[in-house]
Amino acid sequence: MTHESFKKIKHIFNYDDYLEIITDENNSTVKLNYFWLRENCRCEKCFNNTTNQRHLTIIDLPDEVKPESCSFNNGNLRIAWNDKHDSVYSLDWIIKYSQPEILPDPILWSGKLSEATTIACNDLNSETKVADLIRSLIVYGVGFVNGLEPTIEATEKVVTSMFPVQRTFFGDMWTVEKYLTFLDTAYTNEFIGAHTDNTYFNDAAGLQIFHVMKFDGEGGKTLLVDGFRAVADVEKVNPDYVQCLRNVKVESYYSDDTRFITNVDSILKYSPNNRLNQIRYNLYDRSPRMVALPAEQQGLFYSALRCLAGCIGRGEGEWWLRLQPGTAVFINNWRVMHGRASYQGSRVLGGCYVSMADFLSKARMLKVIV
């Protein structure tokens, strides 16, 4: 419902538990629960507008909350409550909080993605350009920044101009070569299939940034795959597979001489409005432990996982690209999977993680999400 449609109020109806507003524009309606309205009053007695925290709590309210009168004027909804309190709600506030956040719709892709946004280092001072990059990371899951010096310091400067770096046991900024610094195939020169990172963390990184700062050899191309597209392909094969991957909890782990990290979560995660929100897919880091799923029910899970793996591994869905010194690729780790061809020679990759919370915060501040 738009702000303009709210300006044309046709009727306000009071029901037992909620208020219903009907507009002149296509008879659009919005229903607002009384208790929700009352506890979310934004006056100075109920809400601290300096800290953006509540003063009022739900236990401060009577068991039954009812309006004694309602009116709509000057773009505001005014309510006199049965607890002798008066509230005023702006239309902008009602529009924002009576519906889910509005994100740009994802566009699914296969193979080479020419539509992904590329900006230059010099563009990082432009909110418009940065917003374009962030929108690309939501719509496609990929974006690029070029014009960097081929150093880890320059890479960090680019990232921190937009987001704080997410610290993990790999460090803040990390440099990856073919030396087994950590017990991870990334620290070799072997082939790595498409996967998302951090499935063994409770809070998998939202973004990861890769910058090949040096390459002298053969092979080593980067692989990108749209995980959301792969899930859509699975849905076409068998919708029950998607439900299985949404419901079954899988354990992933990382283990070395000093740590043993595990996390249990579903491979597919959805938002409350049933929008695919995250794919946690890493065949390398899955634990053998499946205690939450009886043996007689594991057949469907393996069929579903094999179908997903097949949809991810289809050649026509893969984008192989040569990352060059001076260009950093930003990847939405909750959507786009990455991998790497085996290589010979010297390859130095710099990069880092960014939390999804910090990424979405920036998207909201730049009005990419409203």
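Just above sits the structure.
Residues numbered from 1 in each chain as written. Predicted model: local features only at pLDDT ≥ 70, side-chain atom pairs only at ≥ 80, totals over all residues. Heavy atoms only, no water.

### Some thoughts on helix α4 (residues 127-139)
- With 13 residues, α4 should reach 18 Å at 1.5 Å per residue; the first-to-last C-alpha distance of 18 Å fits that figure.
- The complete set of buried residues in α4 reads Val130, Ala131, Leu133, Ile134, Ser136, Leu137, Ile138 and Val139.
- Two residues or fewer past α4, Gly141 is found with a positive phi of approximately 90 degrees. (Helix = DSSP H or I, 4+ residues; strand = E, 2+ residues; numbered from the N terminus. Expected span 1.5 Å × (residues − 1). Buried < 20%, exposed > 50% of the residue type's maximum accessible area, 1.4 Å probe, protein only.)

### Comments concerning the packing of helix α6 (residues 227-237) against helix α7 (residues 239-247)
- Where α6 contacts α7, the two axes come as close as 5 Å, and the packing angle between them is 130 degrees. When the axes of α6 and α7 are compared, the pair comes out oblique. Contacts between α6 and α7 involve Val231, Val234, Glu235 and Val237 on the former and, on the latter, Pro239, Tyr241 and Val242.
- Residues that form the contact of α6 with α7 fall into these classes: 6 nonpolar, no polar and 1 charged. (Axes fitted to C-alpha atoms, helices over the stretch in contact; angles between N-to-C directions. Parallel < 35°, antiparallel > 145°, perpendicular 65-115°, else oblique. Contact = heavy atoms within 4.5 Å. Nonpolar A, V, L, I, M, F, W, Y, C, P; charged D, E, K, R; others polar.)

### A few points about the packing of aromatic side chains
- Enumeration according to the criterion identifies 24 aromatic pairs in this entry.
- Ring centres of Phe169 and Phe170 lie 4.3 Å apart, and the angle between their planes is 35 degrees; this geometry places the pair in the tilted category. Of the two residues examined, Phe169 and Phe170, each falls in the buried class.
- Centre to centre, the rings of Phe169 and Phe201 are 5.9 Å apart; their planes meet at 85 degrees, and the pair counts as edge-to-face. Of this pair, Phe169 sits in the loop between α5 (152-160) and β11 (173-176) while Phe201 sits in the loop between β12 (192-195) and β13 (207-219), and the two are 32 residues apart along the sequence.
- A residue is classified by how much of its surface remains accessible, and Phe201, at 12% relative accessible area, is buried.
- Stacked on the ring of Phe47, the Lys or Arg Arg42 has its end atom at 3.9 Å from the ring centre. (Phe/Tyr/Trp six-rings, centres within 6.5 Å; stacked < 30°, edge-to-face > 60°. Lys NZ or Arg CZ within 6 Å of the ring centre and 35° of its normal.)

### Here's the deal with the environment of Pro104
- Among the structural elements, Pro104 can be located in the loop between α3 (91-97) and β9 (117-120).
- For the pair Pro104 and Lys236, spaced 132 residues apart in sequence, the C-alpha to C-alpha distance is 24 Å.
- Not counting chain neighbours up to four residues away, the residues in contact with Pro104 comprise Arg135, Ile138, Val139, Arg275 and Val368.

### A word on the pattern of salt bridges
- Tallied over the entire structure, the rule returns 14 salt bridges.
- Among the salt bridges present, the one from Asp233 reaches Arg314, with a minimum N-O distance of 3.7 Å. Taken together, the residues span a long stretch of sequence, with Asp233 in helix α6 and Arg314 in the loop between α8 (298-313) and β19 (319-321) at a distance of 81 residues.
- Exposure remark for Asp233: the relative accessible area of 14% places this residue in the buried category.
- The salt bridge partner of Arg259 is Asp256, with a shortest N-O separation of 2.8 Å.
- With a relative accessible area of 26%, Arg259 lands in the partly exposed category. (Salt bridge = Lys/Arg side-chain N within 4 Å of Asp/Glu carboxyl O.)

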